[in-house]
4 protein chains.
Amino acid sequence: MALKTGQEYVDSIKALNLKANLMGAQAEGLPDNPLVSPSIRAVGLTFDCAHAEETQELFRVVSPLTGGEVNRFTHLHQSPQDLMNKVIMQRYCGHATGCCFQRCVGMDAANAVYSSTFDCDQAHGTGYHRRFIDYWSFIQDNDLVVDGAMTDPKGDRSKRPSAQADKDVFLRVVDRSPEGIVVRGAKLHQTGMLNSHEIMVMPTMSLKNGEEEFAVCFAVPTNTKGIHYLYGRQTSDTRKLEEIGLDVGNPLFGGQEVMTVFDNVFVPLERVFLDGEVDLAGTLVERFAAYHRQSYGGCKVGVGDLLIGASALIAKMNGVDQASHIKDKLVEMIHLNETLFSCGIACSTLGHPTPAGNYEVDMLLANVCKLNVTRFPYELARLATDIAGGLLGTMPPAQALDDPQTGPYIRKYLAAAQGVEVVDRMKVLRLIENLVAGAGSVAYLIESMHGAGPPQAQRIMIGRQADLEAKMARVRDLLGLTSRV
Amino acid sequence: MALKTGQEYVDSIKALNLKANLMGAQAEGLPDNPLVSPSIRAVGLTFDCAHAEETQELFRVVSPLTGGEVNRFTHLHQSPQDLMNKVIMQRYCGHATGCCFQRCVGMDAANAVYSSTFDCDQAHGTGYHRRFIDYWSFIQDNDLVVDGAMTDPKGDRSKRPSAQADKDVFLRVVDRSPEGIVVRGAKLHQTGMLNSHEIMVMPTMSLKNGEEEFAVCFAVPTNTKGIHYLYGRQTSDTRKLEEIGLDVGNPLFGGQEVMTVFDNVFVPLERVFLDGEVDLAGTLVERFAAYHRQSYGGCKVGVGDLLIGASALIAKMNGVDQASHIKDKLVEMIHLNETLFSCGIACSTLGHPTPAGNYEVDMLLANVCKLNVTRFPYELARLATDIAGGLLGTMPPAQALDDPQTGPYIRKYLAAAQGVEVVDRMKVLRLIENLVAGAGSVAYLIESMHGAGPPQAQRIMIGRQADLEAKMARVRDLLGLTSRV
Amino acid sequence: MALKTGQEYVDSIKALNLKANLMGAQAEGLPDNPLVSPSIRAVGLTFDCAHAEETQELFRVVSPLTGGEVNRFTHLHQSPQDLMNKVIMQRYCGHATGCCFQRCVGMDAANAVYSSTFDCDQAHGTGYHRRFIDYWSFIQDNDLVVDGAMTDPKGDRSKRPSAQADKDVFLRVVDRSPEGIVVRGAKLHQTGMLNSHEIMVMPTMSLKNGEEEFAVCFAVPTNTKGIHYLYGRQTSDTRKLEEIGLDVGNPLFGGQEVMTVFDNVFVPLERVFLDGEVDLAGTLVERFAAYHRQSYGGCKVGVGDLLIGASALIAKMNGVDQASHIKDKLVEMIHLNETLFSCGIACSTLGHPTPAGNYEVDMLLANVCKLNVTRFPYELARLATDIAGGLLGTMPPAQALDDPQTGPYIRKYLAAAQGVEVVDRMKVLRLIENLVAGAGSVAYLIESMHGAGPPQAQRIMIGRQADLEAKMARVRDLLGLTSRV
Amino acid sequence: MALKTGQEYVDSIKALNLKANLMGAQAEGLPDNPLVSPSIRAVGLTFDCAHAEETQELFRVVSPLTGGEVNRFTHLHQSPQDLMNKVIMQRYCGHATGCCFQRCVGMDAANAVYSSTFDCDQAHGTGYHRRFIDYWSFIQDNDLVVDGAMTDPKGDRSKRPSAQADKDVFLRVVDRSPEGIVVRGAKLHQTGMLNSHEIMVMPTMSLKNGEEEFAVCFAVPTNTKGIHYLYGRQTSDTRKLEEIGLDVGNPLFGGQEVMTVFDNVFVPLERVFLDGEVDLAGTLVERFAAYHRQSYGGCKVGVGDLLIGASALIAKMNGVDQASHIKDKLVEMIHLNETLFSCGIACSTLGHPTPAGNYEVDMLLANVCKLNVTRFPYELARLATDIAGGLLGTMPPAQALDDPQTGPYIRKYLAAAQGVEVVDRMKVLRLIENLVAGAGSVAYLIESMHGAGPPQAQRIMIGRQADLEAKMARVRDLLGLTSRV
């Protein structure tokens, strides 16, 4: 089947006729809703790029599953070069959209489930891997968007799943039959859920014996009965609803966050990829997390590119681009952004094949990558705020520019360097505001902190992966130590 | 005259009947407008604190000008203890409101104008100081709020005022008569302008011969003919207009930013405190800036207290308050916040009397204080984001909690530690969101960067004030150097 | 009795005829030993400053104990101004010497013991306070140097004192008689011990019931029988022994670290200030630590001044002082250094009287001060290294400058800006090397980390002192929360 | 010719019979001098690794120049994998030696000269490339060590070479004949010079017309007439001369820094690779710098591994390895170290072929790599100092351990966790001291700052390489801007 265009993709999502609670009311026709459309437009770009001349080589790849050409966003990586291309593609999309384009999570989930089902079958004699190959071939053939759903609500974090007052705060199997299973629970922070054709659910953490009911992985269409969507708020989100678009900051693209409730949802057996094998839960979580932590070394770098560009441009517009401290701040922004990119590239190029055959990132460096992502975008945002100036927080609204009395005042007093239209200066300021304190900051800052797990999760993995024993052994050897420690 | 209560203050502002362009339309009745009322409520607290039992000792002080008891926010500081009490009072207000309470700028301007007019009279035989004493006695007697207006639009920053395509981008005297002067221009970033009775205008930077028209300092009532107000936008500002208040984050208080245009405004002579004495412009700017940079060592620390409290509370609510990494992050937040406070205190206690008799902060340490304020709140916000969790960017709106279908899902799945009402958890998350990415972030982050001047302005002052010569001299002496460098 | 001069002080130390193991051999005549003399010279400066015209006002103070004029280094602080003057005096000495001048620890110990003995007498009906007053009056009258000894070796840090394989790793009382007690143990990191007339020993940490033997505080002369001194090594210490002095970096001053062993030392009763009252051990530790953490906001700032001066001077010598990035780095050094000073000042000015009558620093801010000291000197050293250039690590030795063949090459090729003698440039580089990687770095970096306790000790105190409950209470109140957390 | 063993290499250096001014005196027999031997031992390891079973695959590579197997340290990189293997090899050597192993600079110079001579021949019709191929084939065939010499003394940095009072502060051609050229000048910071068979000299910066005399690149044997060596000092260097070796920290390996003077040295034509083509000077500098900045992403990471290992081990020895703050600091050290490694890997894997055929690193990312190296090792050293404890600066010397009186005290009081020999604990502390404040800190800290150019040099390159124009273009496009800026 042919690779979809952006328009074909949007049409296919419209055909699903998804419903969601949007700002407190049940809503349909989501792709046309101005709160939602910027986000679906961002996903659409991942389809159009597979057709545009300058990007199609990067975005298309031949699938070993189907033998056909697929969008790289559905690819199972076959080499370090594939892993690197993934990161480069993500940086491209981030730069182009200035937001989260939402399609990575399914790609990352698929690569993790592919190798984990293989390992599960090896360990337990199950048949999940074949099932998953069939399922994913269907995804590739139809060029679908899959949401990867991991984060359980978790209730009281000091308690295990079974010890919760309401066990449903961890999604779990509540019934089963020869045809399939019934699940109940919720997944939080589902970026792009309503722009997806399918949901793939994974456990949220390592599990142990006695916690079998929570060890479940499966996929269902997004319009499956019993699934309910609560659209999340973002700071400044309602600017998307304003008639005059200037204040929205990013005129085309945006993100989407959804709380997804599974209210006794039936999953047919052929869509179940883990069911009770608790020893694989941690494996699956670690692998998905590692792929997704790698992703941040691409997508957030792209958004960083846009923020750097906007900062450089506003400096020119303000007439300060030749000031040494401004140039120095731009260099610092570039330096931090490229450090993130370096981490994304390094964990890719040092990737290795799994027993299942696809390639996995270097676990240590992928976690290092993400831990830096929990830091540097904040400093980039701080520096952009510094360069942009106080107008970032005090500029009059777009409507005042159209007002016959105040419009001339704005044009007179916000004029800056020669050749700059005041409205252009306002647009650049609003774009920066969007990324450092507006709707875009949800993806650029909050998601950089918590997406693919919070910093402490990366620290734990870094501690585990670093082989401190070997480092201590070299010291013992160099110094000729004999102590028993 | 008696110290006003908060309510008397609000009534007195209503009586001014100010008008402003609000979201593109001319509006009246501002104090009752939900976009504005949180900000006037914050100023009102500075009045009420002069009456509340536990705070009145800190907020009341006897004025040497009038001999009467005045609100400390109108005081001319008479000792290092006065300077310290100012900072402690500001911390209190910041903690109480979680926002900018707007009344500092007039206090800081008054203290700078008081000593600068004295020096000007000494140098030029002018009579500004007496005029200012009369004016400020009137302010104290009537317990008024004065906005201090400094930031000119500046046009092309690479050019001096006279070289601008439109010289009005620096506010200037355009006409004069025996009765007074006429001024034209604009002042940006006027926090709390529409909650003020008076505006005091100062130059925006050091000036030199030939730039006399820009060397002007004066005060007028806010409802003076020819002054126009354009209400600035803040991220998420329209949440203040929503029927259900939860998502606003801070249920009571907020800030206000106004662009203020002077369209040929007449100022009577007795309200003019500088007019053409260019050598005093820099003095005035430096002094005002130093007082205002000190202020940030109080007010932002107070807001930091609230953010730390909210972070500690959400950690308890999430059930993670005993995790060592969470405790460590809270300690780090406290440490950074108290470092800011230390700087606010130190520049106060090392203050010195001016020739005019009031006390001035230590110039070097006040700039050091503010430079830290351009950094640490960003790290506090980052740590708060880390502790709060991803819900900060994905939580459903308040309306969905009231919806009969989705409300129960929210109550079920956002339940956390025992004893926590879901709505309370949402409130705390929305307060944190307000401060790190919402309307409150304008004051806590953007204003921390640019208020009282951007970091580069502080760096220049630090370089000037540090007496590098003395430091080099000690090295030469210790090492017995003879080189001529 | 008159305040000693530096020379009188040195003579009085010589008269003690102390012995120590120096580089592996038992040595006498320490004050004349070139390894030791720089350190005693630094202490001597604290005496001379009480006589020099420009400093005597700061260094002299009237003692409430004796009614006489004493050196401030022996003073019990009577006001916030006293606490501030202490910090200002320390900054002066640090700038003058570029090293640790060693006399603070006794001053800090005395102030802690003074108030703790008072509290102990109140709680337990003991008579320690009177004893201590007598003792300290003797110190003041004779203008003596007292070393404060706190750090026990601690053995296996995961075990309490009584659980150690050898309990002596915590200094303890091993015998007692009506005349006094016998103690055994060791104190590590005794800066300036061999330049002191007296040692005052304190417990190393909070203690509990059953650990009475370790709860001991006393003072003895340094030449008491049974005390053994092991002189510690510093990086590059033997440069002090070289004939040509240039490479030593600091030509006059230096530090001293001593491991002190108490091998069954008898202490007469009148010199015992705590003996078994375990509840006071923690109090004493916390108070001493707080005073000493305040000290670092003075002394290290002074050393920082010297490093900044040297960095500014080498920049001039290299001809790069007008480069914007160099100026920016110097501003950053000043900024960080003054932030430390602000913390030292703030914890002083917010000090409070103890029940005993002397003044105690603000506990929270003193710990904040020291925690910053564990960070900023490292960044100052890094920036100084950046400014100084690679010669810092590669410059030929002083002897090569005197060599007839290589001397001319050095003079030819290390010539820099006009007017700079090559030997002067080398001296400045060696001073910087001394502070960032040489003997001076022990005081400026390692001691900044561990002196008065390592960073984790400060973090624990900050967590305890910050009143998180009050911060959370304000959030609950502002948001109207009803949850029971 | 066969790949040399370490011993064969040492013998071959001995055969050169190099002389140097060592601590002020002319010395011979350098490889056996205890000041020098640790450094030659480190170079020797690069030879032995080509023979050891577990490393030979990494260290051996087939040369396209000679067709034979060569040590990778003499290789001209033929692929991104080669560039990566270089970094991995460097990390290995850094971990093994804990110091600078000195052989990278020649490898980096060769790769830069190889492609620059090719470009020069293309542009100017010169024949340098063939000459260089012949020269380098000789190096590979004989498995030689080549020092790359770049850093001129530079005199007054505010002046161009020709404007210096003494032009020789930039190495230059002072005479020429049909047989060759005569050069005069000096090169500073020549790490490992006296362990090298050959010196390859390059210009120190970009040059322009009129500066032809400074645009010179050539190679000569290290024992060439007219070359003089002044051995540089390192902090604590004389500990290498002490009889008891414990205090030296690193018992086997160390660095070496040499100031090298060219006093009218004759260079035969076939060894001249650039002579007056000023346009190539900058190219050569940039390329060499980029390769060498990449190198730091390997070697310093290896030293970091050793420091992390030592920190982890001393934590165990102190009995604090289970403390959460210690574990957290170790994770932070690993994180920073692996971030450096990621940058080293990324600039390698994104390398590209030059017109000459060898591979060049990504210029932007190589500079990003090095800029991080000017920061993170300092934080690693700070954290190691924190973990190690105050003994780092106060521990008695090794000789005191052997002293019959003090030895038992040390064994008694420095005992820590069970199973730890006191001497082992001392060894680990001395190793850490060596790296953070001793001789090893010259390579780990000072060289990390200035080696391959100081941070400002990297910032300039980052600013140039970042393509800000493309970033601004995307903003213009996304926002539909029409302004002419």
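Below is a summary of the structure that appears in this document.

Topic: the overall build of chain A
Phase 1 of the analysis: Assigned secondary structure in chain A consists of 17 helices and 14 strands.
Phase 2 of the analysis: Computed over its C-alpha atoms, the radius of gyration of chain A comes to 24 Å, within 12% of the 23 Å expected for a compact globule of 485 residues.
Phase 3 of the analysis: Taken across its 485 residues, chain A has 71% of its residues classed as buried.
Phase 4 of the analysis: A sequence separation of at least 24 residues applies to 77% of the contacts in chain A between residues at least 6 apart.
Phase 5 of the analysis: Carbon and sulfur atoms make up 51% of the accessible area of chain A, which totals about 14,000 Å².
Phase 6 of the analysis: Across chain A, 46 positive and 56 negative side-chain charges occur, with their mean positions spaced 5 Å apart.

A short note on the relation of the copies chain C and chain D
Phase 1 of the analysis: Expressed as a screw operation, the relation of chain C to chain D combines 0.0 Å of axial shift with a rotation of 180°, fitting to an RMSD of 0.0 Å. On the angle and the small slide along the axis, the relation comes out as a two-fold axis. Among all residues of chain C, the one whose C-alpha sits closest to the rotation axis is Ser236(C), at a distance of 2.0 Å.
Phase 2 of the analysis: Taken together, the interface assignments show that 100% of the residues at the interface of chain C recur at the interface of chain D, consistent with an identical surface on both copies.

Comments concerning the interface of chain C and chain D
Phase 1 of the analysis: Taken residue by residue, the interface counts 80 residues in chain C and 81 residues in chain D.
Phase 2 of the analysis: The junction of chain C with chain D conceals about 6,500 Å² of combined surface from both sides, 58% of it contributed by carbon and sulfur atoms.
Phase 3 of the analysis: Three residues stand out in chain C for area buried against chain D, namely Arg233(C), Arg382(C) and Tyr413(C), and they jointly supply 13% of the buried area on that side.
Phase 4 of the analysis: Run the count over chain C and chain D and you get eight salt bridges.
Phase 5 of the analysis: Put simply, Asp166(C) and Lys412(D) hold a salt bridge, and the shortest N to O gap is 2.8 Å.
Phase 6 of the analysis: Linking chain C with chain D are 40 residue pairs in polar contact (both at pLDDT 80 or more).
Phase 7 of the analysis: Here the residues of the side of chain C that touches chain D sort into 30 nonpolar, 30 polar and 20 charged.

Brief notes about the environment of Leu481(D)
Phase 1 of the analysis: Locating Leu481(D) in the fold gives a position in the segment after α17 (468-479).
Phase 2 of the analysis: Given the relative accessible area of 14%, Leu481(D) is considered buried.
Phase 3 of the analysis: Other than its neighbours up to four places away in sequence, Leu481(D) contacts Leu313(A), Met317(A), Asp424(A), Lys427(A), Val428(A), Val475(D) and Arg476(D).

Remarks on the side chain of Asp108(D)
Residues and elements named next belong to chain D.
Phase 1 of the analysis: Among the secondary structure elements, aspartate 108 is positioned in helix α5 (residues 104-124).
Phase 2 of the analysis: Taking relative accessible area as the criterion, aspartate 108 reaches 0% and is therefore assigned buried.
Phase 3 of the analysis: If near-sequence neighbours (up to four positions away) are discounted, aspartate 108 is found in contact with Lys86, Phe288, Tyr291, His292 and Ser295.

Side note on the pattern of salt bridges
Phase 1 of the analysis: Inspection of every chain in the model, using the stated rule, returns 144 salt bridges over all chains.
Phase 2 of the analysis: Between Arg91(B) and Glu338(B) there is a salt bridge whose closest N-O contact spans 2.7 Å. Of the two residues, Arg91(B) sits in helix α4 (residues 80-97) while Glu338(B) sits in helix α8 (residues 324-349), which places them 247 residues apart along the sequence. Grouping residues by exposure puts Arg91(B) and Glu338(B) together as buried.
Phase 3 of the analysis: Its salt-bridge partner being Glu332(C), residue Arg459(B) comes within 3.1 Å of it at the nearest N-O pair. Here Glu332(C) lies in helix α8 (residues 324-349) and Arg459(B) lies in helix α16 (residues 455-465), a pairing that spans two chains. In terms of burial, Arg459(B) and Glu332(C) fall into one category: buried.
Phase 4 of the analysis: A single salt-bridge network, built from bridges that share partners, covers Asp166(A), Lys167(A), Asp168(A), Arg172(A), Arg184(A), Glu213(A) and Lys412(B).

What about the pairing of strand β11 (residues 257-268) of chain C?
Residues and elements named next belong to chain C.
Phase 1 of the analysis: Note: strand β7 (residues 180-191) against β11, nine bridges, orientation antiparallel. Looking across to β11, one finds that glycine 180 is bridged to proline 268.
Phase 2 of the analysis: In this structure, strand β10 (residues 227-231) lies alongside β11, joined through five bridges in antiparallel fashion. Considered in β11, the bridge of tyrosine 231 is made with valine 258.

Describing the pairing of strand β10 (residues 227-231) of chain D
All names here are of chain D.
Phase 1 of the analysis: The buried fraction of β10 is high, at five of five residues.
Phase 2 of the analysis: Pairing geometry for β10 and strand β11 (residues 258-268), over five bridges, is antiparallel. Among the inter-strand pairings, histidine 228 is bridged to a residue of β11, identified as valine 261.

A look at the sheet that holds strand β5 (residues 146-149) of chain C
Residues and elements named next belong to chain C.
Phase 1 of the analysis: Spatially, β5-β8-β9-β12 is the arrangement adopted by the four strands of the open sheet, whose pairing is mixed. The two strands at the open ends of the sheet, each matched to only one other strand, are β5 and β12 (272-275). Each neighbouring strand pair of the sheet contributes to a mean axis angle of 20°, computed without reference to strand direction.
Phase 2 of the analysis: Summarising the sheet, β5 and strand β8 (residues 198-201) pair through four bridges and their orientation is parallel. In the strand pairing of β8, glycine 148 is matched with methionine 200.

Quick look at the environment of Gln164(C)
Residue and element names in this part refer to chain C.
Phase 1 of the analysis: Secondary-structure assignment places glutamine 164 in the loop between β5 and β6 (172-177).
Phase 2 of the analysis: Spatially, the C-alpha atoms of glutamine 164 and glycine 357 are 39 Å apart, while their sequence positions differ by 193 residues.
Phase 3 of the analysis: Once residues within four sequence positions are removed from consideration, glutamine 164 is found in contact with Lys154, Gly155, Asp156, Lys159, Val169 and Phe170.
Phase 4 of the analysis: Only 2.9 Å separates the side chain of glutamine 164 from the backbone oxygen of aspartate 156, close enough to count as a polar contact.

Considering the sheet that holds strand β12 (residues 272-275) of chain A
Residue and element names in this part refer to chain A.
Phase 1 of the analysis: Strands sit in the order β5-β8-β9-β12 across an open sheet of four strands; the sheet is mixed. Single-partner strands in this sheet number two, and they are β5 (146-149) and β12. This sheet shows a mean twist of 20° between the axes of neighbouring strands, independent of strand direction.
Phase 2 of the analysis: Docked against the sheet, helix α6 (residues 128-142) engages β5, β8 (198-201), β9 (216-221) and β12, running at close to 145° with respect to β12.

A short note on the packing of aromatic side chains
Phase 1 of the analysis: The full count for this structure, using the stated rule, is 48 aromatic pairs over all chains.
Phase 2 of the analysis: With a centroid separation of 6.2 Å and an interplanar angle of 70°, the aromatic rings of Phe170(A) and Phe214(A) are classed as edge-to-face. Here the residue Phe170(A) occupies a position in the loop between β5 and β6 (172-177), and Phe214(A) occupies one in the loop between β8 and β9, the gap between them amounting to 44 residues. One exposure class covers both Phe170(A) and Phe214(A), and it is buried.
Phase 3 of the analysis: With centroids separated by 5.7 Å and ring planes inclined at 20°, the aromatic side chains of Phe132(D) and Trp136(D) adopt a geometry described as stacked. Placement of both Phe132(D) and Trp136(D) in helix α6 (residues 128-142) is noted, with a separation of four residues, approximately one turn of the helix.
Phase 4 of the analysis: The class for Phe132(D) is buried, based on a relative accessible area of 0%.
Phase 5 of the analysis: Connected via pairs of aromatic rings, a cluster forms that spans Phe132(A), Tyr135(A), Trp136(A), Phe138(A) and Phe273(A).

Some remarks on α6(A)
Residue and element names in this part refer to chain A.
Phase 1 of the analysis: Over its 15 residues, α6 extends 21 Å from the first C-alpha to the last, a length consistent with the 21 Å expected when each residue adds 1.5 Å.
Phase 2 of the analysis: Turning to α6, its buried residues number three or more, namely Tyr128, His129, Phe132, Ile133, Tyr135, Trp136, Ser137, Ile139, Gln140 and Asn142.
Phase 3 of the analysis: Where α6 is buried, its residues contact β4 (69-71), α5 (104-124), β5, β8, β9 and β12.
Phase 4 of the analysis: Positive backbone phi, approximately 50°, marks aspartate 143, located one or two places after α6.

Observations regarding α5(A)
Residue and element names in this part refer to chain A.
Phase 1 of the analysis: The terminal C-alpha atoms of α5 lie 30 Å apart, and with 21 residues this matches the ideal 30 Å at 1.5 Å per residue to within 8%.
Phase 2 of the analysis: Burial runs high along α5: 17 of the 21 residues are buried.
Phase 3 of the analysis: Glycine 125, located one to two residues past α5, shows a positive phi value of around 70°.

Cut-offs and rules
Residues numbered from 1 in each chain as written. Chains lettered and ligands numbered in written order. Predicted model: local features only at pLDDT ≥ 70, side-chain atom pairs only at ≥ 80, totals over all residues. Heavy atoms only, no water. Helix = DSSP H or I, 4+ residues; strand = E, 2+ residues; numbered from the N terminus. Rg over C-alpha atoms; globule rule 2.2 N^0.38 Å. Buried < 20%, exposed > 50% of the residue type's maximum accessible area, 1.4 Å probe, protein only. Contact = heavy atoms within 4.5 Å. Areas by Shrake-Rupley, 256 points an atom, 1.4 Å probe, with all protein chains shown as cover. Lys, Arg positive; Asp, Glu negative; His and termini not counted. Charge placed at Lys NZ, Arg CZ, Asp CG, Glu CD. Least-squares fit on C-alpha atoms with pLDDT ≥ 70 in both. Buried area = accessible area lost by both parts, 1.4 Å probe. Salt bridge = Lys/Arg side-chain N within 4 Å of Asp/Glu carboxyl O. Polar contact = N/O pair within 3.5 Å; in protein donor to acceptor, adjacent residues only side chain to side chain. Nonpolar A, V, L, I, M, F, W, Y, C, P; charged D, E, K, R; others polar. Pairing = 2+ DSSP bridges. Axes fitted to C-alpha atoms, helices over the stretch in contact; angles between N-to-C directions. Phe/Tyr/Trp six-rings, centres within 6.5 Å; stacked < 30°, edge-to-face > 60°. Expected span 1.5 Å × (residues − 1).

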